[in-house]
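Structure at a glance
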Amino acid sequence: MRNVAIYPGSFDPITCGHVDIVQRGLNVFDRIVVAIAVNPRKQTTFDDDERVAMICEAFPDDPRVEVVCFTGLLVDYCRRRGIKTVLRGLRALSDFEFEFQLASMNRRLTDEVDSIFMMTSDEHFFVSSSLVREVVQNGGDVTGLVPEPVRRRLLARFPPPPVT
Ligand code: COA
């Protein structure tokens, strides 16, 4: 499947930065599989079903976007699906080191899968899922940083603190 890329991550929750990478990825690939890496040892704020739902809500009725969960190695999942390309976003220099390590390890594991990178748009380079959660937990406004359905779910999970 040459015109398909997989976009893996924890997406806890999906942010507008992730959405931007998927949307721009769709200018290059016919289809993108957004793949939630399920790590039983990692505590997440949103469970697998919620994370799938939030990603689906971010791309309503777009048949080019598929949302899946996977466990185990990303390259093994790619091989099972016949996917050859991993898409990742690069926000800043600090991302480079981890991404370089991840892509190199994946290459070491298999030469059937390669990685390509897109620079995150400048309006999103500072956004991360944990920062978004922290802002909401402290009563801040994340409008424009996450898709609207995600903002509503965050507010339901972390109601605004009473003003003192
Ligand atoms: N815009 C906004 N935020 C972004 C972003 C973007 N374009 N790209 C990444 N981020 C943020 C995420 O929100 C997340 O923020 P947080 O740390 O505050 O939660 C952070 O960057 C890292 O997120 P993510 O891209 O999801 O990376 P990850 O480290 O959680 O996931 C996997 C990396 C899932 C790709 C990797 O662990 C994996 O492949 N796991 C499967 C097992 C495997 O094969 N391991 C590799 C062996 S080498």
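Up top is the structure these notes are about.
In short, a report on the structure.

Cut-offs used in this document
- Residues numbered from 1 in each chain as written.
- Predicted model: local features only at pLDDT ≥ 70, side-chain atom pairs only at ≥ 80, totals over all residues.
- Heavy atoms only, no water.
- 1 Å grid on protein atoms, 1.4 Å probe; cavity = no way out; pocket = protein on both sides within 12 Å on 5 of 7 lines; lining within 4 Å.
- Points joined across faces, edges and corners; volume = space filled by probe spheres on them.
- Helix = DSSP H or I, 4+ residues; strand = E, 2+ residues; numbered from the N terminus.
- Nonpolar A, V, L, I, M, F, W, Y, C, P; charged D, E, K, R; others polar.
- Near = heavy atom within 4 Å.
- Polar contact = N/O pair within 3.5 Å; in protein donor to acceptor, adjacent residues only side chain to side chain.
- Areas by Shrake-Rupley, 256 points an atom, 1.4 Å probe, with all protein chains shown as cover.
- Sits in = over half its atoms within 2 Å of the grid points.

1. Brief notes about empty space enclosed by the protein
- In this structure the tally under the stated criterion is two cavities of 30 Å³ or more.
- Considered as a void within the structure, the largest cavity measures approximately 40 Å³ in volume.
- Around the largest cavity sit L74, V86, R88, E99, L102, A103, N106, S115 and F117, which together line it.
- Counting residues per element, the lining of the largest cavity draws most heavily on helix α4 (residues 93-109), which supplies four residues.
- When the residues that make up the lining of the largest cavity are grouped by side-chain class, the tally is five nonpolar, two polar and two charged.
- The computed volume of the second largest cavity comes to approximately 30 Å³.

2. Some details on the site of the ligand
- Around the ligand, the surrounding shell holds 25 residues, and the nearest of these are S10, L74, R91, S129 and S130.
- S10 is positioned with one of its side-chain polar atoms (N or O) 2.7 Å from an oxygen atom of the ligand.
- V127 places a polar main-chain atom, nitrogen or oxygen, 3.1 Å from a nitrogen atom of the ligand.
- Relative to its unbound accessible surface of 950 Å², the ligand loses 78% to contact with the protein.
- Among the detected pockets, the ligand sits in the largest pocket.
- Looking at the shell around the ligand, the elements that each hand over two or more residues are β1 (4-9), α1 (16-25), α4 and α5 (129-137).

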